[in-house]
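Overview (structure and organization)
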Amino acid sequence: MASQRSNISYTVPGVSDQDSTEIIALLQMRLHSLNDLSLTLKHVHWNVVGPHFIAVHEMIDPQVDQVRDMADDLAERISTLGGEPNGTPGALVKDRTWNNYSIGRAEAIEHLGALDLVYTSVIKDHREAMQATETSDPVTQDMLIEQLRGLELFQWFVRAHLESSGGVLSTRGASTETGAAGQAAEQARTQP
């Protein structure tokens, strides 16, 4: 079996070449995910309409900025581990395992419904990467934990708009962005 060392230039002390290679692959997918999320959030920022336009429009930009900072941290960690981060659009599209964001110009509540599912997916995959690095690289795990704190907070901001006064999340059970958008809009129409 050929050494994994050929895939990396060097690694940090105490982390094996094989572990670094595996961590780099995990982080590259998280980098793609966060780059995609920042673009999706900007898309929402530009395409949100309706009576809650300004609240959502202004809520999204700080999320974009922080998600971009998270992506930068991931790219720098990849480099620190001896890898080469790839942030090109072509690599993102080629490597991603998720579909393009499916909502265009729409009411704020519809975008928020769809974003709830987007955040759920990003957080779930981030948690898996965090758990996968627990023993091999606690430094990377710590970074992912910190990023999860921010991502979960952003999802809470989104969900605060989707929760009824009775505590029911309008996107509960939705499996597609368009389905979540529709459910959120329906609850908003029927909620007093």
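These lines cover the structure that appears in this document, whether it is placed above or below. (Residues numbered from 1 in each chain as written. Predicted model: local features only at pLDDT ≥ 70, side-chain atom pairs only at ≥ 80, totals over all residues. Heavy atoms only, no water.)

**Section: the environment of E84**
- One can find E84 in the loop between α2 (53-80) and α3 (89-95).
- Judged by relative accessible area, which is 70%, E84 ranks as exposed.
- On a C-alpha basis, the gap between E84 and Q28 in space is 9.0 Å, while along the polypeptide they are 56 residues apart.
- Beyond its immediate stretch of four places on either side in the chain, E84 contacts Q28 and I78. (Helix = DSSP H or I, 4+ residues; strand = E, 2+ residues; numbered from the N terminus. Buried < 20%, exposed > 50% of the residue type's maximum accessible area, 1.4 Å probe, protein only. Contact = heavy atoms within 4.5 Å.)

**Observations concerning helix α6 (residues 177-190)**
- In this model α6 runs 20 Å from its N-terminal to its C-terminal C-alpha over 14 residues, within 8% of the 20 Å that 1.5 Å per residue would give.
- What α6 keeps buried is the set E177, A180, A181, A184, A185 and Q187. Considered in projection along α6, the buried side chains sweep an arc of 165° and stay on one side of the axis. Every exposed residue of α6 that faces more than 90 degrees away from the buried side is listed here: R189 and T190.
- Contacts made by the buried residues of α6 are with α4 (108-132) and α5 (138-162). (Expected span 1.5 Å × (residues − 1). Arc of directions from axis to C-beta.)

**Quick word on the layout of surface pockets**
- Its boundaries defined by the atoms lining it, the largest pocket holds a volume of some 360 Å³.
- Contributing to the lining of the largest pocket are 17 residues, with W98, N99, V118, S121 and E177 lying nearest its centre.
- In the lining of the largest pocket, the residues fall into 6 nonpolar, 8 polar and 3 charged.
- Each pocket or cavity is described by its volume, and for the second largest pocket that value is around 190 Å³.
- Around the second largest pocket, the lining residues are N35, D36, L39, T40, H43, G87, T88, P89, L92, V93, N100 and Y101.
- Those elements that provide at least two residues to the lining of the second largest pocket are α1 (17-47) and α3.
- Residue composition of the lining of the second largest pocket, grouped by class: 5 nonpolar, 6 polar and 1 charged. (1 Å grid on protein atoms, 1.4 Å probe; cavity = no way out; pocket = protein on both sides within 12 Å on 5 of 7 lines; lining within 4 Å. Points joined across faces, edges and corners; volume = space filled by probe spheres on them. Nonpolar A, V, L, I, M, F, W, Y, C, P; charged D, E, K, R; others polar.)

Spatial relationships are all this shows, so hold off on functional conclusions.
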